[in-house]
Amino acid sequence: MEEKQQKKLDSFVRAINRDIDVQIEDMRLAAKKQGEQLCSEHIAAAQAEAEERIRRALEDSEAAFRRQLAQTELDCRRAVLAHRESLITELFDSIHARLTAYTASDAYPDYLCALLRGESLSGAVLHLCERDMVHRTELQSLAGGCEITADPAISLGGLAIYYPQEQKIIDKTLDTAFDEQRRAFCNTAALRL
C-alpha cells in the first residue's frame, strides 16, 4: 500500500510539477513578451529622439549655411562694388589728367573763344579759373569789354557767364561738365548683382 501511495504521491507531485512548469513557462513567455514590448518601445523612443536630433541638427546646419551663403554673397557684392568704384575713379582720374593736359595745350584758347561765340555778352561777367587768366586778352576782344574775373571755384577750366541783371549763370566750365559726366556714368553704367 505504501507503494501505491508512493505512486499516487509521485503522480500528484508530477501533476503539480507539470502545472508549475506550465505556469512558469506562461510567466516566462509573458515576461519575454513584456521585455520585447518594453525593448521595442525604448528602441522606438530612442529612434524618434535620434531622428528629432538629426532633424534639428540638419535645420541648424541649413540655417548656418544660409547665413554663411548670405554673408559670402554680401562680401562678394561689396568687393565688386569697391572694385567698380576703383575702376570708375581710375577712369575719371585719367580723364581729369587728359582735361588738365588739354587746358595746357595750344588748342585750348581756341576752345575758350568758341565757348563765347553765339553768346550775348552785354553786361555779363566772365568767370575763369586762375590759370586761364593768361588768355584774358584774347577773350576780352570777343567779350566786347565785359568784366573778366578769376573764380576759385573753377579748377579744371572753361568759363561761366554771369548776367547780374537777370541773376543768370551759363556754366560752360569743364569742372561742371566733368562732374555731370561722372554722375551720368555712375547712374547709367549698369552693373547688375
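Residues numbered from 1 in each chain as written. Predicted model: local features only at pLDDT ≥ 70, side-chain atom pairs only at ≥ 80, totals over all residues. Heavy atoms only, no water.

Brief notes about the sheet that holds strand β2 (residues 147-150)
The condition that has to hold: Two strands are counted as paired when DSSP detects at least two bridges linking them. Think of it this way: any DSSP run of H or I at least four residues long counts as a helix, any run of E at least two long counts as a strand, and we number them from the N terminus. For every element, the axis is a line fit to its C-alpha atoms; helices are fit only across the contacting stretch, and the angle between N-to-C directions ranges from 0 to 180 degrees. Residue contacts follow a heavy-atom distance rule, with two residues in contact if any of their heavy atoms lie within 4.5 Å.
Read from one edge to the other, the open sheet built from four strands follows the order β2-β1-β3-β4, with strand pairing classed as mixed. Edge positions in the open sheet fall to β2 and β4 (168-173), since each of these has one partner strand only. Pairs of neighbouring strands in the sheet enclose a mean axial angle of 20 degrees, with direction left out of account. Contacting β1 (125-128), β3 (158-163) and β4, helix α2 (residues 108-116) crosses the sheet at an angle of about 25 degrees to β3. Together, β3 and β4 form the strand contacts of helix α4 (residues 174-188), whose direction differs from that of β4 by roughly 75 degrees.

Brief notes about the packing of aromatic side chains
Quick reminder of the rule: Only Phe, Tyr and Trp rings are paired, with Trp represented by its six-membered ring, and only when their centres lie within 6.5 Å; those with planes under 30 degrees apart are stacked, over 60 edge-to-face, the remainder tilted. Each residue is placed in one exposure class: buried if its accessible area under a 1.4 Å probe, protein chains only, is under 20% of its type's maximum, exposed if it is over 50%, and partly exposed if it falls in between.
Summed over the entire model, instances satisfying the criterion amount to five aromatic pairs. Summarising the aromatic geometry, the rings of Phe-92 and Phe-185 are spaced 5.7 Å apart at their centres and angled 65 degrees between planes, so their arrangement reads as edge-to-face. Of this pair, Phe-92 sits in helix α1 (residues 2-103) while Phe-185 sits in helix α4, and the two are 93 residues apart along the sequence. Between Tyr-102 and Tyr-111, the ring centres sit 5.8 Å apart and the planes meet at 75 degrees, which makes this aromatic pair edge-to-face. Using a relative accessible area of 29% as the deciding quantity, one classes Tyr-102 as partly exposed. The class of Tyr-111 is partly exposed, set by a relative accessible area of 26%. By the ring-pair criterion, three or more aromatic residues cluster together here, those being Phe-92, Phe-178 and Phe-185.

Focus: α4
Here is the rule we go by: For a helix, the expected span equals 1.5 Å multiplied by the residue count minus one. What the arc describes is the spread of directions from the helix axis to the C-beta atoms.
Between the first and last C-alpha of α4 there are 21 Å, a value that for 15 residues agrees with the 21 Å anticipated at 1.5 Å per step. By the burial criterion, the buried members of α4 are Leu-174, Asp-175 and Phe-178. Buried residues of α4, seen end-on, are gathered within an arc of 105 degrees and therefore sit on one face of the element. Counted as exposed and oriented over 90 degrees from the buried face of α4: Arg-183, Asn-187 and Thr-188. Summarising the contacts, the buried residues of α4 are in contact with α1, α2, β3 and β4.

Some details on the pairing of β1
Stated precisely, the cut-off is as follows: By definition, the crossover connecting two strands over a helix is right-handed if that path, from the first strand to the second, turns clockwise as seen with the strands pointing away from the viewer.
Judged by which residues are buried, β1 turns out to be covered on both faces: Val-125 and His-127 on one side and Leu-126 and Leu-128 on the other are all buried. Note that β1 and β2 share four bridges and pair parallel. In the strand pairing of β2, Val-125 is matched with Glu-147. Each parallel crossover has a hand, and the one from β1 via helix α3 (residues 136-143) to β2 is right-handed. Bridge count for β1 against β3 is four bridges, and the pairing is antiparallel. In the sheet register, Leu-128 faces β3, and the bridge partner there is Leu-159.

Focus: a nonpolar patch on the surface
Inclusion rule: Within the patch definition used here, like charges are joined within 9 Å and nonpolar side chains (Val, Leu, Ile, Met, Phe, Trp, Tyr) within 5 Å, considering only residues with over 30% relative accessible area and no salt bridge. Computed with the Shrake-Rupley method and a 1.4 Å probe, the accessible areas treat only the protein chains shown as cover for residues. When a carboxyl oxygen of Asp or Glu lies within 4 Å of a side-chain nitrogen of Lys or Arg, that pair is called a salt bridge.
A cluster of nonpolar residues, Leu-9, Phe-12, Val-13, Ile-16, Ile-20 and Ile-24, forms a patch on the protein surface that exposes about 500 Å² of accessible area. Counting through the fold element by element, Val-13 comes out in helix α1.

Here's the deal with the state of the cysteines
Our working definition: Any pair of cysteine sulfurs within 2.5 Å is marked as a disulfide.
Using the criterion set out here, one finds zero disulfides in the structure. With no disulfide of its own, Cys-146 lies closest to Cys-113 among cysteine sulfurs, the gap being 12 Å. Overall, Cys-146 belongs to the buried group, its relative accessible area being 7%.

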